[in-house]
Amino acid sequence: SLSAGLDLPGRFLFATLTLMTLIAILVFIEEAVYIYRKIPSSKRSIIIWINAAAPVISTTSCIGMWVPRSTMFTDFTAGIFFAIVIHKFLMMMIKECGGQKVLLRRFENGHFTITTGPCCCCCLCLPRVPITRQTLFWLKLGTFQFAVFRPVLVFLSIVLWTNGNYVLYNVSPKGPALWISCFIGALTLFALWAVGIMFRKVRILLKCKNIIPKFALYQFIVILNHLQTTIINIFATQKIIPCAPPLSSTARGSYIAQQLLIMEMFLITVISRVVYRRKYHDLEPPECVAEEPGDKKQTP
């Protein structure tokens, strides 16, 4: 096995990263117990799901580091889990506004700005969209489709892989890996776009609930888990990361990505505990917010 062929620094690195993964899991369990006891039941499961993203990715990376042949399954497991978390983050923003009905009352005459990343940040000519029940449905559908289709495409990839037709690092147009990856990439962009549209609208309202640090942590997980891993895999495929027997270039790239993810997700788990642990006051009802300017005018 690989662990048997490691030198002393290599074993120390593996042991340290495994310890960091275990600490991240313990921190998350402690945080989940706190959330279960202190957070209202309507928000409880959503916040636990979002907090679980970093520990789950760290755990799958640790398993892939120790068992190289499981990398295909661990990467897909982390991808499926995070697809669900993207949908949960959108739902959390709606819940923090008081729910869908209260959100529609707060922004009764408001508009969504759809010229936001990652899809339409340069399309400044696009019109603003009224905030209605229908537009909220389309935003929720934008993240829900990713949570549904990502597991289906992953299942298809595993079926093709067991049959020998799917090669993860094969970017040939004749192979299915390139087309499945492009389709997943398009679905990911639409899901992130829906979250970005909602965040741009509610970030001022939810500033008192630290939505900006929460969104930043969520964005870091997206960038590190998808963009960073993809760049490292491209470098490995192009032999920019040299091979080091008994590891090939692709195997070394996979190890580098997994080890970086373990350290990064450990830090995000600890920071998430601080950000989500704080006690936040509920927002005032929309009627109170609407009456405030009138009250101030009457004050001598």
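Predicted, not measured: the structure shown is a model, and the values here were computed from it.

### With respect to the packing of helix α3 (residues 71-96) against helix α6 (residues 176-202)
At a minimum axis separation of 10 Å, α3 and α6 run at an interaxial angle of 20 degrees. Comparing the axis directions of α3 and α6 gives the class roughly parallel. Taken as a pair, α3 and α6 cross one another with a handedness that is left-handed. Between α3 and α6, the residues in contact are Ile-86, Phe-89, Leu-90, Met-93 and Ile-94 and Ala-191, Leu-192, Ala-194, Val-195, Met-198, Phe-199 and Val-202, respectively.

### What about the packing of aromatic side chains?
Within a pair of aromatic rings, the relevant descriptors are the distance that separates the centres and the angle that separates the planes. For the structure shown, the criterion picks out eleven aromatic pairs. Considering the side-chain rings of Phe-14 and Tyr-255, the 6.2 Å spacing of their centres and the 40 degrees angle between planes classify their relative orientation as tilted. Linking Phe-14 in helix α1 (residues 8-38) with Tyr-255 in helix α8 (residues 249-277), this pair joins segments that are 241 residues apart in sequence. Here Phe-14 falls in the buried class, since its relative accessible area comes to 4%. An aromatic cluster is defined as three or more aromatic residues linked by ring pairs; in this entry it consists of Phe-82, Phe-89, Phe-199, Phe-215 and Tyr-218. One residue, Arg-44, lies across the ring of Tyr-36, its end atom 4.6 Å from the ring centre. The ring of Tyr-34 is capped by Arg-277, whose NZ or CZ atom sits 3.8 Å from the centre of that ring.

### Some thoughts on helix α5 (residues 133-162)
In a regular helix each residue adds 1.5 Å, so 30 residues correspond to 44 Å; α5 covers 44 Å between its end C-alpha atoms and thus fits that length. Within the span of α5, buried status applies to Thr-135, Leu-136, Leu-139, Gly-142, Thr-143, Gln-145, Phe-146, Ala-147, Arg-150, Leu-153, Val-154 and Ser-157. With its phi angle positive at about 85 degrees, Gly-164 sits one or two positions after the end of α5.

### Remarks on the confidence of the model for the protein
Scored by pLDDT, the protein has a mean of 81; 85% of the residues are at 70 or more. Across residues 288-300 the pLDDT falls below 50, and counting only partners more than four positions away or on other chains, this stretch makes three contacts in the model.

### Brief notes about the UniProt feature "transmembrane region" (unreviewed entry) in the protein
The positions UniProt marks with the feature "transmembrane region" (unreviewed entry) are residues 12-34, 46-67, 73-91, 137-161, 176-195, 215-236 and 256-276. Across residues 12-34, the secondary structure splits into 100% helix and 0% strand, with the terminal C-alpha atoms separated by 33 Å.

### Details of the nonpolar core
One broad rule of soluble globular proteins: the nonpolar side chains tend to lie buried together. Ranked by internal contacts, the top residues of the largest apolar core, which has 64 residues, are Phe-89, Met-93, Leu-103, Met-198 and Tyr-218. When contributions to this core are tallied by element, the ones reaching two or more residues are α1, α2 (41-66), α3, α4 (100-106), α5, α6, α7 (211-237) and α8. It is α3 that provides the largest number of residues to this core, a total of 14 residues. Among the nonpolar cores identified, the runner-up in size contains nine residues, and Phe-14, Ala-24, Cys-62 and Met-65 belong to it.

### What to know about the pattern of salt bridges
Within this structure, the stated rule accounts for six salt bridges. Here Arg-273 ties to Glu-30 by a salt bridge, and the two come within 3.0 Å at their closest N and O atoms. Residue Arg-273 is located in helix α8, and its partner Glu-30 is located in helix α1; the two are separated by 243 residues in the primary sequence. Here Glu-30 falls in the partly exposed class, since its relative accessible area comes to 33%.

### Description of unusual backbone geometry
In the Ramachandran plot, Asn-210 falls in the positive-phi region, its phi being about 55 degrees despite a non-glycine side chain. Relative to the elements of secondary structure, Asn-210 occurs in the loop between α6 and α7. For Asn-210, a relative accessible area of 17% corresponds to the buried category.

### As for the environment of Thr-21
Structurally, the position occupied by Thr-21 is in helix α1. Once residues within four sequence positions are removed from consideration, Thr-21 is found in contact with Ser-58, Thr-59, Cys-62 and Ile-262. From its side chain, Thr-21 meets the backbone oxygen of Leu-17 in a polar contact 3.0 Å long.

### Here we look at the state of the cysteines
According to the stated counting rule, one finds zero disulfides in the structure shown. Cys-97 takes part in no disulfide bond, and the closest cysteine sulfur, belonging to Cys-208, lies 9.6 Å away.

### So, empty space enclosed by the protein
Within the structure shown, the criterion is met by two cavities of 30 Å³ or more. If you add up the space inside the largest cavity, you get close to 90 Å³. Around the largest cavity sit 14 residues that line it, and Ile-50, Leu-217, Ile-221, Ser-272 and Tyr-276 are the ones nearest its centre. Broken down by secondary-structure element, the contributors of at least two residues to the lining of the largest cavity are α2, α3, α7 and α8. Its volume calculated, the second largest cavity comes out at about 30 Å³. Together, Val-27, Phe-28, Glu-31, Asn-51, Thr-269, Ser-272 and Arg-273 line the second largest cavity. Of all elements in the fold, only α1 and α8 reach the threshold of two or more residues within the lining of the second largest cavity. When its residues are assigned to classes, the lining of the second largest cavity shows two nonpolar, three polar and two charged.

The rules we used
Residues numbered from 1 in each chain as written. Predicted model: local features only at pLDDT ≥ 70, side-chain atom pairs only at ≥ 80, totals over all residues. Heavy atoms only, no water. Axes fitted to C-alpha atoms, helices over the stretch in contact; angles between N-to-C directions. Helix = DSSP H or I, 4+ residues; strand = E, 2+ residues; numbered from the N terminus. Parallel < 35°, antiparallel > 145°, perpendicular 65-115°, else oblique. Left-handed = near helix turned anticlockwise from the far one by under 90°. Contact = heavy atoms within 4.5 Å. Phe/Tyr/Trp six-rings, centres within 6.5 Å; stacked < 30°, edge-to-face > 60°. Buried < 20%, exposed > 50% of the residue type's maximum accessible area, 1.4 Å probe, protein only. Lys NZ or Arg CZ within 6 Å of the ring centre and 35° of its normal. Expected span 1.5 Å × (residues − 1). pLDDT = per-residue confidence, 0-100. UniProt positions renumbered as here; feature names shortened; annotations may be inferred. Core = buried A, V, L, I, M, F, W, Y, C linked by side-chain atoms within 4.5 Å. Salt bridge = Lys/Arg side-chain N within 4 Å of Asp/Glu carboxyl O. Polar contact = N/O pair within 3.5 Å; in protein donor to acceptor, adjacent residues only side chain to side chain. Disulfide = S-S within 2.5 Å. 1 Å grid on protein atoms, 1.4 Å probe; cavity = no way out; pocket = protein on both sides within 12 Å on 5 of 7 lines; lining within 4 Å. Points joined across faces, edges and corners; volume = space filled by probe spheres on them. Nonpolar A, V, L, I, M, F, W, Y, C, P; charged D, E, K, R; others polar.

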